[in-house]
Amino acid sequence: MRQIRDENPITTISPKTWDQVIYATRAVNTEITGWLTVARDENEFHISGDLIIPKQEVSVASIDVDAVDMALMFDKHEGLNCWWHSHVNMETSPSSTDEEQMLGYADDTPFYLMLITNKSGGFSLEVWDMETNLVWDDVPLLVGGDHDCSWLDKPIRPMSARKNTYTPRGGPRPTMRGHCHPTTGAANKRFGHLALTNQ
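The structure displayed is predicted, hence computed values, not measured ones.

Take the nonpolar core next. Core analysis: the largest hydrophobic core is formed by 23 residues, its most contacted members being Trp18, Leu36, Ile47, Trp84, Leu113, Leu115 and Leu141. Contributions of two or more residues to this core are made by helix H1 (15-27), strand E3 (33-41), strand E4 (44-52), strand E7 (82-86), strand E8 (111-117), strand E9 (123-129) and strand E11 (141-145). Top element by residues in this core is H1. It accounts for four residues. Here leucine 115 is in contact with Trp18, Val21, Leu36, Cys82, Trp83, Trp84, His85, Phe123, Ser124, Leu125 and Leu141, once residues within four sequence places are set aside.

Encoded structure:
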């Protein structure tokens, strides 16, 4: 049995990738599924690149992916560690079927993400760390762009010397709405963020 972890990782998605996910969600009146590329830097996960959608038969509540096309997709693309699918107009909480499916996808990988969206803009995101046997659920998603935020270094520097209680790795996070926000790790200061919270 997997343990649920309280402290969320930092998870970002590029604006282009997020736009593709939302477009595909709203384009059809059935469920639809696809995969996204994820890069990991410790407990930071960065989703980017094009949404890859294999051949599939879909209905309002089910998806049957073509096994041959799916195998070709994984042979052609590396790093497809995020399984995305839509729940059309239903809530985005993972179903028991979703959880079973996720176990199969994540089995031979160090980590895997499950992103579920719906037409009203709702989403849920889970991060499964298969090496530590932990699952993060209801993970916030930051939509990040390749914006140079280094101009903020000067006004931020005096504040970074002060002690404060906020740390990006734990506790409640502020919702950033359209502001540049330098991150740690690989993204560094060239990643502006817009936080998405599933409220």
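Following the structure, the description resumes.
This paragraph deals with the packing of aromatic side chains. Throughout the structure, instances matching the rule amount to seven aromatic pairs. Taken together, a centroid distance of 6.0 Å and an interplanar angle of 80° make the contact between tryptophan 18 and phenylalanine 123 edge-to-face. Pair noted here: tryptophan 18 is in helix H1 and phenylalanine 123 is in strand E9, with a separation of 105 residues, a long-range link. For the pair tryptophan 18 and phenylalanine 123, a shared accessibility class is recorded, and that class is buried. Ring centres of tryptophan 35 and tyrosine 105 lie 5.3 Å apart, and the angle between their planes is 85°; this geometry places the pair in the edge-to-face category. With tryptophan 35 in strand E3 and tyrosine 105 in helix H3 (residues 96-106), this pair connects stretches of sequence that are 70 residues apart.

Next up on the list: the pairing of E3. Pairing geometry for E3 and E7, over four bridges, is antiparallel. Note that in E7 the partner of leucine 36 across the bridge is cysteine 82. As defined by bridge partners, E3 adjoins E4 across six bridges and the pair is classed as antiparallel. Paired with valine 38 across the strands is isoleucine 47, a residue of E4.

Moving on, we get to the side chain of threonine 25. Here threonine 25 is to be found in helix H1. A relative accessible area of 1% means that threonine 25 is categorised as buried. Among the polar contacts listed, one links the side chain of threonine 25 to the side chain of threonine 117, at a separation of 2.7 Å. Not counting chain neighbours up to four residues away, the residues in contact with threonine 25 comprise Trp84, Ser86, Thr117, Asn118 and Lys119.

Thresholds applied
- Residues numbered from 1 in each chain as written.
- Predicted model: local features only at pLDDT ≥ 70, side-chain atom pairs only at ≥ 80, totals over all residues.
- Heavy atoms only, no water.
- Core = buried A, V, L, I, M, F, W, Y, C linked by side-chain atoms within 4.5 Å.
- Buried < 20%, exposed > 50% of the residue type's maximum accessible area, 1.4 Å probe, protein only.
- Helix = DSSP H or I, 4+ residues; strand = E, 2+ residues; numbered from the N terminus.
- Contact = heavy atoms within 4.5 Å.
- Phe/Tyr/Trp six-rings, centres within 6.5 Å; stacked < 30°, edge-to-face > 60°.
- Pairing = 2+ DSSP bridges.
- Polar contact = N/O pair within 3.5 Å; in protein donor to acceptor, adjacent residues only side chain to side chain.

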